[in-house]
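Next come the chains, spelled out residue by residue.
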Amino acid sequence: MNQSYLHALGITYWQQRQTHPIGENAPNTTSGYWDWDTLQKKVAQCTACGLHQTRTQTVFGVGDRHAKLMIIGEAPGFHEDQQGEPFVGRAGQLLTAMIKTIGFDRSQVYIANILKCRPPNNRDPQPEEVKLCTPFLDQQIALIQPHLLLAVGRIAAHYLLKTKASLESLRAKMHTYGEQNIPLIVSYHPAYLLRNPIDKKKAFQDLQFVQKNLGAT
């Protein structure tokens, strides 16, 4: 393990919900879902909620579409809205370092958000926005079929697990998502860790839990 990544984390080294196709028109794939190109086009053209009026561009997702690990955050921020890629600001740099502590390059995982458009002033997603946007995420998960989901932050965890429990109470446990019972682990959002570095050690413990369970798949 490269200790520089642990240093970036501020850590001293020591030894369910059923998913449905989106929209009323039946997709033209045998799995009952749109293919990647169609799905990405639908996201780019989406005007379902008011966020399309203030976005620079949609933020679809990035990474390996056959990834064993899929990481799900909350919503795009300023830099993500400008570049069209999730987790590219300071929080994204920290997430990349976190991923590397468990032996993955950023290109080897898939990263997406609950929302595909940036909320103004980076406010929390509103319930109606989550309702309208998350079918896109559900389909991404269905297409990737990851071995494990990592929800970073309260909002992602609440949506994927259909709960309002505190993030702290959801950590260090194995949950499942959807009717396929995909294993799901909850940890802190990197933006939270930048504001609260005291919890980086606990985040590293969550990552070790991820690594352990991926090794068993």
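Structure's up top.
Here the structure is a predicted model, which means the values were calculated and not measured.

A.B. asks: Is there a simple way to explain the overall build of the protein in this structure?
C.D. replies: Within the protein, the secondary structure is distributed over 9 helices and 6 strands. Counting across all 217 residues of the protein, residues that qualify as buried make up 50%. In the structure as shown, the protein presents an accessible area of about 10800 Å², 47% of it carried by carbon and sulfur atoms.

A.B. asks: Explain the nonpolar core here, please?
C.D. replies: The nonpolar side chains of a soluble globular protein tend to be buried with one another. Counting 57 residues, the largest nonpolar core has Leu69, Met70, Ile71, Ile72, Leu137, Ile141 and Leu160 as the members making the most contacts within it. Per-element accounting of this core gives the leading share, 6 residues, to helix α5 (residues 127-144). Residues in contact with Ile72, not counting those within four places in the same chain, are Ala112, Asn113, Ile114, Leu137, Ile141, Leu149, Leu150, Ala151, Val152, Ala156 and Leu160.

A.B. asks: What exactly am I supposed to notice about the packing of aromatic side chains here?
C.D. replies: The geometry of an aromatic ring pair is captured by two quantities: the separation of the ring centres and the angle between the planes. Within the structure shown, the criterion is met by 3 aromatic pairs. Residues Trp36 and Phe60 carry aromatic rings whose centres are separated by 6.0 Å and whose planes lie at 80 degrees to one another, so their mutual orientation is edge-to-face. Residue Trp36 is located in helix α2 (residues 36-45), and its partner Phe60 is located in the loop between α2 and β1 (62-63); the two are separated by 24 residues in the primary sequence. As far as burial versus exposure is concerned, Trp36 and Phe60 are alike and both buried.

A.B. asks: Sorry, what's going on with the pattern of salt bridges here?
C.D. replies: Think of it this way: side chains of opposite charge can pair up when their charged atoms draw near. In total, this model carries 7 salt bridges according to the counting rule given. Across the pair Lys202 and Asp199 runs a salt bridge whose closest N-O atoms are separated by 3.3 Å. Here the salt bridges share partners, and the residues they tie into one network are Glu168, Arg171, Asp199, Lys202 and Asp206.

A.B. asks: I keep staring at empty space enclosed by the protein and nothing clicks. Help me out?
C.D. replies: Here the largest cavity defines a volume of roughly 100 Å³. Around the largest cavity, the lining is made up of 15 residues, and of these Cys46, Cys49, Cys117, Cys133 and Phe136 lie nearest the centre. Ranked by residue count, the leading element in the lining of the largest cavity is α5, at 4 residues. A breakdown of the residues in the lining of the largest cavity according to their chemical character gives 10 nonpolar, 2 polar and 3 charged.

A.B. asks: Just to check I follow, could you spell out the side chain of Gln140 for this structure?
C.D. replies: Note that Gln140 resides in helix α5. Residues in contact with Gln140, not counting those within four places in the same chain, are Trp36, Leu39, Phe60, Gly61, Met70, Tyr110, Ala112 and Lys116.

What counts, and where the lines are drawn
- Residues numbered from 1 in each chain as written.
- Predicted model: local features only at pLDDT ≥ 70, side-chain atom pairs only at ≥ 80, totals over all residues.
- Heavy atoms only, no water.
- Helix = DSSP H or I, 4+ residues; strand = E, 2+ residues; numbered from the N terminus.
- Buried < 20%, exposed > 50% of the residue type's maximum accessible area, 1.4 Å probe, protein only.
- Areas by Shrake-Rupley, 256 points an atom, 1.4 Å probe, with all protein chains shown as cover.
- Core = buried A, V, L, I, M, F, W, Y, C linked by side-chain atoms within 4.5 Å.
- Contact = heavy atoms within 4.5 Å.
- Phe/Tyr/Trp six-rings, centres within 6.5 Å; stacked < 30°, edge-to-face > 60°.
- Salt bridge = Lys/Arg side-chain N within 4 Å of Asp/Glu carboxyl O.
- 1 Å grid on protein atoms, 1.4 Å probe; cavity = no way out; pocket = protein on both sides within 12 Å on 5 of 7 lines; lining within 4 Å.
- Points joined across faces, edges and corners; volume = space filled by probe spheres on them.
- Nonpolar A, V, L, I, M, F, W, Y, C, P; charged D, E, K, R; others polar.

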